[in-house]
Amino acid sequence: MSHAQRLDALEERLRPVVEGFGLELDAVVSLNESGMKIVRVTVEAPAPGESVDSDLLGDVSRAVSPIVDEADPIETEYFLEVSTPGAERELTEPRHWRKQIGRPARVKLRDGSVITGKVMFADDEGAQFDVDGTATRIEFAQMKKARARVEFGSEE
């Protein structure tokens, strides 16, 4: 079984455990940061704008740890990290975009230009933004990188 297949199988085993806590499993990835091997399990609240507190993250971590140990997705020592995607997460999937509706995002396009605006709508092919009062649709294929943005305070 390849490394990617092991991670996919692990993700399938972890999904119902995470959902049992009322959360969604966003991703299971392995990476190497500063020479440390990490298995990162990213979870999020199912509704846009909801947060996950540290106590709940701790509970999820304790529940998934034995499953990850049994699956042994990396053949050497590694750290298990259970976290949320963060306020300014990268938007890579249509489901990420749907959760961003009504909130700001910044998109770098393949042509090098950058667009920042509020996400008004998202489907499987792209998203529509309000950019300074103008509706602008961008197909995902045109995007190089996109991140959620956080609004601080009011504009009044």
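Residues numbered from 1 in each chain as written. Predicted model: local features only at pLDDT ≥ 70, side-chain atom pairs only at ≥ 80, totals over all residues. Heavy atoms only, no water.

Under an unreviewed UniProt entry, the name given to the protein chain is Ribosome maturation factor RimP, and the source organism is Schaalia hyovaginalis. Per UniProt, the protein chain carries the Function (unreviewed entry) text "Required for maturation of 30S ribosomal subunits." Quoted verbatim from the Sequence similarities (unreviewed entry) field of UniProt, the annotation for the protein chain is "Belongs to the RimP family." (UniProt positions renumbered as here; feature names shortened; annotations may be inferred.)

(A) Representation of the overall build of the protein chain. When its secondary structure is counted, the protein chain shows three helices and eight strands. The N-to-C order of helical and strand elements in the protein chain reads α-β-β-α-β-α-β-β-β-β-β. Residues classed as buried in the protein chain amount to 34% of the 156 residues present. As displayed, the protein chain has an accessible area near 9,300 Å², and 48% of this comes from carbon and sulfur atoms. Between the mean site of the 20 positive side-chain charges and the mean site of the 31 negative ones, the protein chain shows a separation of 5 Å. (Helix = DSSP H or I, 4+ residues; strand = E, 2+ residues; numbered from the N terminus. Buried < 20%, exposed > 50% of the residue type's maximum accessible area, 1.4 Å probe, protein only. Areas by Shrake-Rupley, 256 points an atom, 1.4 Å probe, with all protein chains shown as cover. Lys, Arg positive; Asp, Glu negative; His and termini not counted. Charge placed at Lys NZ, Arg CZ, Asp CG, Glu CD.)

(B) Layout of the packing of helix 1 (residues 3-19) against helix 2 (residues 54-71). One can describe the packing of helix 1 onto helix 2 by two numbers: an axis separation of 10 Å at closest approach and a directional angle of 160°. For the element pair helix 1 / helix 2, the angle class is roughly antiparallel. For helix 1 against helix 2, the interelement crossing comes out right-handed. Note on element contacts: helix 2 touches helix 1 through V60, A63, V64, I67, V68, E70 and A71, opposite L10, R13, L14, V17 and V18. (Axes fitted to C-alpha atoms, helices over the stretch in contact; angles between N-to-C directions. Parallel < 35°, antiparallel > 145°, perpendicular 65-115°, else oblique. Left-handed = near helix turned anticlockwise from the far one by under 90°. Contact = heavy atoms within 4.5 Å.)

(C) View of the pattern of salt bridges. All told, the structure shown has 15 salt bridges when counted by the stated rule. In the salt-bridge network here, residues are joined through shared partners; they are E24, D26, E44, R89, R95 and K99. (Salt bridge = Lys/Arg side-chain N within 4 Å of Asp/Glu carboxyl O.)

(D) Quick peek at the sheet that holds strand 3 (residues 79-83). Overall, mixed pairing links the three strands, which are arranged 1-2-3 in an open sheet. Each of the sheet's edge strands pairs with one partner strand only, and the pair in question is strand 1 (24-33) and strand 3. Adjacent strand axes in the sheet meet at a mean angle of 20° when their direction is disregarded. Taken together, the nine bridges between strand 1 and strand 2 (residues 36-44) define a ladder with antiparallel strand orientation. Residue pairing in the sheet places S30 in a bridge with V39 of strand 2. Sheet contacts for helix 1: strand 1 and strand 2; angle to strand 1, the most-contacted strand, approximately 140°. (Pairing = 2+ DSSP bridges.)

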